Structure formats: structure tokens, C-alpha cells
Amino acid sequence: MNIGSEAQYRNMVKELNVDEGESSEPVSPTGQYFNSSVLSICVLAVLDSDNPIDDSPALALLKDVFLPINPRFCSLMVKDENGVKQWKKVEVKLEDHVNIPNFPPGLSPASYDNHLSNYLSKIAMEQLPHNRPLWNIHIIKYPTSNAAGNLIFKLHHSLGDGFSLMGALLSCLQRTDNPSVPLTFPSLTSAPTTTSLSLNTNCIFKNIPNVLWSAFNTVSDFGWSLLKSSYVEDDISLIRSGGPGVEFKPIVVSTMTFSLDHIKQIKTKLGVTINDVITGIIFFGTRLYMQGGSNKLNSENSTALVLLNTRNIGGYKSVKEMVKPDPESAWGNQFGFLHVSLPELTTVESCKPLDFVWKAQKLIQRKRNSRAVFLTGQLLECLRKFTGPEWNEWHWLIIQLKACILWWSAYLRV
């Protein structure tokens, strides 16, 4: 679940001289974690259409535009004779992947809002069949309060991360002014660095406290992630019942709309990123929900599993760029995760949400500056090699020894 494991996976493909168009290719380590007997994670993406959706060209568009984007969209995840999971290309029956539900006719947009929400909840609980490629498309032809129709993509996370899947979506689009010109987006720019500064002795000595603080944060965060994964439990609250089999209980998908202009205003005011603002809003909303509608502030210990992108990118990359040999940002899953304790909501912050968003951003920034996310990925890779992705709790007896070794080596390296 880190850059190293994905790089090892790409090297394995090269060593096998796999022709993706005709043969099988090994499933990346992260892809194996995302599709096991104990874990199966999918991505649901909902697109709103201003115009009623005509489903007649759907199959042709999928065949000519969607499937050629990447071989994984027409591949099964299978095990070879050695038990290693592979992507095996198959013939896709597109009719099995396109779903057009029937809602009662003649209802109001508000009623179709409820039908759409219930339908999302239903398909979110359904597992994708493993006897065909791991994706589905749902076409909603009924007007809701926000759109004249909807397209719902359900894609298994083993196919790729958000950066890869968004690249696939954008590859299906064309510019209105000139369809023959590729899509372009502004690139991120960073302030130029001066080489002489890095060689300045005074600058090196000034960075020593930062290096030591980073080492402390790395060891602390890595150890905390191990404890949260095995021993330390969150408090019982409105978002954690503690009862057995909670993962099999029904869920409801609810949506909430935020103005992008308002998010940009908060970003500018606090001097943070849009992701920081959204994370702070989610944490703030979660804390408000945990109050249960009362004015009494809660202090239950709750932990979020935050995914951190490990790609070193400066902007949008097309799918063609991602599938080239040795690309700057390759197709696949490239991120790590860390356990982040939800900040407590004080009385002042309940009246001033921006203060809470700022506190959450500082917490995430500190986690970003540690190397625990990469060490966690290395530990998972060691675990996968020892037990495979189908592991259970008794393996932690051996993991603890490896964790101590990684913990100490992390301190020495930093």
C-alpha cells in the first residue's frame, strides 16, 4: 500500500514479459487487499445530467470508449496454480454490466430523490460478481431535484485509486470548443528551491529540530497505528455500537451538497488545501452527529482511517501517460493510510466551525509530515508475503516482532 510495493509490482510485470492485451498480469499488493474474503471495497460515483439520459448509445460507448481505457476493465481477478492472483482478460458481455432500474412513473422530483437514495443504499450493499469484470453502470432516467437523470458508476477499488479512475472518466470526455484537442488542466506549481541554501551549514543545524520532531512523530504514529489495528478500541458512541456483525447490517446512503465557492473561501481564509477543508467539515459533522441532537459536547475517543495519496504529482495525467513504461504517475493504487483521532469539539469551536477546521488541518499536517504512512505500507507488504491477503488475528504474534524491527529502523533512518 505504498510506492515501494507498487513499484515492485510493476517490476514483476516487466520480468514476466506480460502482454496485457493477451496474457495475465499479477494483481498489485493493494489490489489483493481490496478484494479478499475479509475486505471488499468499491467506489460509487454519481454523475448528474442536465438533460434526460438516452440509454440507446450506452453499449456502443462502453465498447468503443470505456473498455479500451485499461485492460483491467475487461479482466477477471483469478488465482494461478501457485495461488497468486492475476488479472486475466476475458470477453465482456456489456449487457451484464448495464442496469436501468424501474421506478414508479409520474412522481415528483422529491419522491425520486428518495428512490435514488434507496437505490444507492441497495447497490452499495451488493457485492460485485467475481465471474465478470469488477464494475457496473446504472442509468437513472427519472428527474430528481438536482438533475434530469443520473449515471452511477460502481467500480471495485482494486481496479485503481481515485486518481486513476478520475483519469479514466476524463478520458471519456471531449472539449466542446475543439474535440480533437486533448483535455488540459492547470498544473500545481511549487516555489523554486535554491541549492546553495541546502548546503548552508547554518540551515542544516536549523533543520535538526525538525528532523528529530519528524522522527518522533514517525515512531509515535506508526506505533499508534499498530495499537489501533490490534488492541486499542474506540469508545462506544453513536457511530460505533460495538455489537457483533455490524458490517452485515443495512446501511443508508445520504448526500449533502456544499458550494465549491464557499469551500474555496474557507481555503483562502485559512491558507489550507481543499482536501483539508473537506476533511475538517467531515470531522466537524461527525462530532455534531455524535452529540445526538443535544447541546452537550461529547468527548468519546473516535478514530478515522485517513487515506493519504503517495503520488508525487503536479497535476492531471491522462490514462495514456499513466500506462506508459516507467511513468511519472502510474495507474493503480498508490496511497497509504493512518489512524487519526477525531479532534474533540469545544464549546467555542461549536460556535466557530473554522477554528475546528483549522485544528483538524494541523492534526492532518502533522501526520503528513511523518513517515509512518510508508512504514505501515511496508508492514502490510511483509504481512502479505508471509500470510497472503487472507490473514487473521493470530498472525499478529509474529507481526509484532517485525513491527519492532521496522520501528527501530525507522528511527535510525530518520
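Residues numbered from 1 in each chain as written. Predicted model: local features only at pLDDT ≥ 70, side-chain atom pairs only at ≥ 80, totals over all residues. Heavy atoms only, no water.

- Quoted verbatim from the Sequence similarities (unreviewed entry) heading of the UniProt record, the comment on the protein chain is "In the N-terminal section; belongs to the long-chain O-acyltransferase family." (UniProt positions renumbered as here; feature names shortened; annotations may be inferred.)

With respect to the environment of Leu-338
Link 1 in the chain: Note on placement: Leu-338 falls in strand S9 (residues 335-341).
Link 2 in the chain: Judged by relative accessible area, which is 1%, Leu-338 ranks as buried.
Link 3 in the chain: Along the primary structure Leu-338 and Arg-368 are separated by 30 residues, whereas in three dimensions their C-alpha atoms are 9.2 Å apart.
Link 4 in the chain: In this structure Leu-338 touches Ser-225, Ala-304, Leu-305, Val-306, Leu-308, Lys-367, Ser-370, Ala-372, Val-373 and Thr-376, once residues within four positions along its chain are discounted. (Helix = DSSP H or I, 4+ residues; strand = E, 2+ residues; numbered from the N terminus. Buried < 20%, exposed > 50% of the residue type's maximum accessible area, 1.4 Å probe, protein only. Contact = heavy atoms within 4.5 Å.)

Describing the packing of helix H9 (residues 274-290) against helix H12 (residues 353-368)
Link 1 in the chain: One can describe the packing of H9 onto H12 by two numbers: an axis separation of 8 Å at closest approach and a directional angle of 120 degrees. Seen from above, H9 lies across H12 with right-handed handedness. Contacts from Asp-276, Val-277, Thr-279, Gly-280, Ile-281, Phe-283, Phe-284 and Arg-287 in H9 reach Pro-353, Phe-356, Val-357, Ala-360, Gln-361, Ile-364 and Arg-368 in H12.
Link 2 in the chain: Split by residue class, the contact of H9 with H12 holds 9 nonpolar, 3 polar and 3 charged. (Axes fitted to C-alpha atoms, helices over the stretch in contact; angles between N-to-C directions. Left-handed = near helix turned anticlockwise from the far one by under 90°. Nonpolar A, V, L, I, M, F, W, Y, C, P; charged D, E, K, R; others polar.)

Here we look at the pattern of salt bridges
Link 1 in the chain: A complete count under the given rule lists 4 salt bridges for this structure.
Link 2 in the chain: The closest approach of N and O atoms between Lys-122 and Glu-126, which form a salt bridge, is 2.8 Å.
Link 3 in the chain: For Asp-177, the salt bridge identified is with Arg-175, shortest N-O distance 2.9 Å. (Salt bridge = Lys/Arg side-chain N within 4 Å of Asp/Glu carboxyl O.)

Some remarks on the sheet that holds strand S4 (residues 85-89)
Hydrogen bonds along the backbone pair up the strands of a sheet, which may run parallel or antiparallel.
Link 1 in the chain: Strands sit in the order S1-S4-S3 across an open sheet of 3 strands; the sheet is antiparallel. One side of each edge strand has no neighbouring strand; the edge strands of this open sheet are strand S1 (24-26) and strand S3 (75-79). Each adjacent strand pair in this sheet contributes to an overall mean axis angle of 30 degrees, direction not counted.
Link 2 in the chain: Here 5 bridges tie S3 to S4, and the two strands are oriented antiparallel to one another. (Pairing = 2+ DSSP bridges.)

Describing a nonpolar patch on the surface
Link 1 in the chain: Together, Leu-227, Tyr-231 and Val-232 make up an exposed nonpolar region whose accessible area comes to about 270 Å².
Link 2 in the chain: On the secondary structure map, Val-232 appears in the loop between helix H7 (201-230) and helix H8 (260-270).
Link 3 in the chain: Since its relative accessible area comes to 30%, Val-232 is described here as partly exposed. (Patch = residues over 30% accessible without salt bridge, like charges linked within 9 Å, V, L, I, M, F, W, Y side chains within 5 Å. Areas by Shrake-Rupley, 256 points an atom, 1.4 Å probe, with all protein chains shown as cover.)

What about helix H4 (residues 109-125)?
Link 1 in the chain: For H4, which comprises 17 residues, the first-to-last C-alpha distance of 25 Å matches the rise-based estimate of 24 Å (1.5 Å per residue) to within 8%.
Link 2 in the chain: The set of residues buried in H4 consists of Tyr-112, Leu-116, Tyr-119, Leu-120, Ser-121 and Ile-123.
Link 3 in the chain: Buried positions along H4 lie against strand S2 (42-49), strand S5 (98-99), strand S6 (135-140) and strand S7 (149-156). (Expected span 1.5 Å × (residues − 1).)

Describing the confidence of the model for the protein chain
Link 1 in the chain: Looking at the protein chain as a whole, the pLDDT averages 77, with 80% of positions reaching at least 70.
Link 2 in the chain: Segment residues 12-22 is flagged for pLDDT under 50; beyond a separation of four residues in sequence, or across chains, it makes 13 contacts in the model.
Link 3 in the chain: Every residue in residues 392-414 scores below 50 in pLDDT, and together they form 36 contacts with partners more than four places removed in sequence or on other chains. (pLDDT = per-residue confidence, 0-100.)

Side note on H8
Link 1 in the chain: Measuring from the backbone nitrogen of Asp-261 back to the side-chain oxygen at the start of H8 gives 3.3 Å, which picks out Ser-259 as the cap.
Link 2 in the chain: Following H8 by one or two positions, Gly-271 has its phi on the positive side, about 70 degrees. (Polar contact = N/O pair within 3.5 Å; in protein donor to acceptor, adjacent residues only side chain to side chain.)

So, the packing of aromatic side chains
Link 1 in the chain: In the structure shown here, the tally under the stated rule is 8 aromatic pairs.
Link 2 in the chain: Taking the centre distance of 4.4 Å and the plane angle of 20 degrees together, the rings of Phe-66 and Phe-73 count as stacked. The pair Phe-66 / Phe-73 is uniform in exposure class, with both members buried.
Link 3 in the chain: Three or more aromatic residues joined by ring pairs make a cluster, and in this case those are Phe-66, Phe-73, Trp-135 and Trp-331. (Phe/Tyr/Trp six-rings, centres within 6.5 Å; stacked < 30°, edge-to-face > 60°.)

Points about the nonpolar core
Across soluble globular proteins, you tend to see nonpolar side chains buried next to one another.
Link 1 in the chain: In this structure, Leu-62, Phe-66, Leu-67, Phe-73, Trp-135, Leu-155 and Trp-331 are the most contacted members of the largest nonpolar core, which totals 28 residues.
Link 2 in the chain: Secondary-structure elements contributing two or more residues to this core are helix H3 (58-66), S6, S7, helix H5 (162-171) and helix H10 (319-322).
Link 3 in the chain: Looking at this core, you find at least three residues from each of domain 1 (22-159) and domain 2 (207-403).
Link 4 in the chain: Ignoring any residue separated from it by four or fewer positions in sequence, one finds Trp-135 in contact with Leu-62, Phe-66, Leu-67, Phe-73, Val-92, Leu-94, His-97, Leu-128, Lys-154, Leu-155 and Leu-159.
Link 5 in the chain: Grouped together as the second largest cluster of nonpolar side chains are 18 residues, Val-306, Leu-338, Leu-342 and Leu-375 included. (Core = buried A, V, L, I, M, F, W, Y, C linked by side-chain atoms within 4.5 Å. Domains from an automatic or database assignment.)

Overview of the packing of H8 against H9
Link 1 in the chain: Packing of H8 against H9 brings their axes to within 9 Å, and their N-to-C directions diverge by 105 degrees. In terms of orientation, H8 lies roughly perpendicular with respect to H9. Note on element contacts: H9 touches H8 through Ile-274, Val-277 and Ile-278, opposite Ile-263, Ile-266 and Lys-267. (Parallel < 35°, antiparallel > 145°, perpendicular 65-115°, else oblique.)

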